[in-house]
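Understanding the architecture of this molecule
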Amino acid sequence: MARGDFPSAKQDQFVLRLPDGMRDTIKEAADHNGRSMNAEIVARLEASFDPSANKDAQIEWLSDYLEQEQKERSDLLEALNGQERILQKITDSHRTLTILAKSIGDAFLVEGERSDVLRVLASGLADVDVDLSADPSEPVPKQPWEE
């Protein structure tokens, strides 16, 4: 069969210069997809001109991106909520310690004769301001970012 007898001889031909390494990349992709290098190049060119193919790829990319962003947002919210719980525990502990300090100070003052140093210490402890404005068992309030 002469060269002009092949169907491909009747198709348009175009000489193409490729950057270094691109031929190998195309060859690997063609082998992976079970095509000739020419068929790989034509398939990729056709896909680049097919708006529906591009939209599907963009939608898939955006979907993956959105999923990752939602996971990161969820992780961030969990970290913020964890910090809120820790702050609530610190507040509760501070309240408990101030009540204990005041109670110790009151007990030292009531139990009779003590040294001057103990009396000054007891007076200081008895004068500790205790914040009883919030119930220690009160739940962590819902934060604006949780809405």
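Placed above this text is the structure.
Described in the following lines is the structure provided in the data block. Throughout, residues of each chain are indexed from 1 in the direction in which the sequence is written. Reporting in this predicted model follows two pLDDT cut-offs: at least 70 for local features of residues, and 80 or more for side-chain atom pairs to be given and counted; totals over whole chains, interfaces and linings ignore these cut-offs and use all residues. In computing side-chain properties, one takes all heavy atoms of the structure into account and sets aside hydrogens as well as water.

**A few points about the packing of aromatic side chains**
Ring pairs are drawn from Phe, Tyr and Trp, using the six-membered ring of Trp, whenever the two centres fall within 6.5 Å, and their geometry is named by plane angle: stacked under 30 degrees, edge-to-face over 60, tilted for the rest. Enumeration according to the criterion identifies one aromatic pair in this entry. Here the aromatic rings of Trp 61 and Tyr 65 are separated by 5.4 Å at their centres, their planes lie at 10°, and the arrangement is stacked. Taken together, the residues span about one helical turn, with Trp 61 and Tyr 65 both in helix α3 (residues 51-110) at a distance of four residues. Here Tyr 65 falls in the partly exposed class, since its relative accessible area comes to 45%. The helix count covers DSSP runs of H or I at least four residues long, the strand count covers runs of E at least two residues long, and both are numbered beginning at the N terminus. Categorising residues by exposure relies on relative accessible area from a 1.4 Å probe, with only protein chains included: less than 20% of the type maximum marks a residue as buried, more than 50% marks it as exposed, and the intermediate range marks it as partly exposed.

**Quick notes on the pattern of salt bridges**
Pairs can form between side chains of opposite charge whenever their charged atoms are close. Between Lys or Arg on one side and Asp or Glu on the other, a salt bridge is scored when a side-chain nitrogen of the former is within 4 Å of a carboxyl oxygen of the latter. Under the definition given, this model contains six salt bridges. Arg 35 is the partner of Glu 40 in a salt bridge, and the nearest nitrogen-oxygen pair spans 2.8 Å. The buried category is assigned to Glu 40, whose relative accessible area is 1%. Of the residues examined, Arg 35 reaches a relative accessible area of 35% and is grouped as partly exposed. For Arg 95, the salt bridge is made with Asp 92, and the minimal N-O distance between the two is 3.3 Å. In this pair, Arg 95 and Asp 92 are both assigned in helix α3, three residues apart and thus about one turn of the helix distant. With relative accessibility at 6%, the residue Arg 95 sits in the buried group. What makes Asp 92 buried here is its relative accessible area of 18%. In the salt-bridge network here, residues are joined through shared partners; they are Arg 35, Glu 40 and Arg 44.

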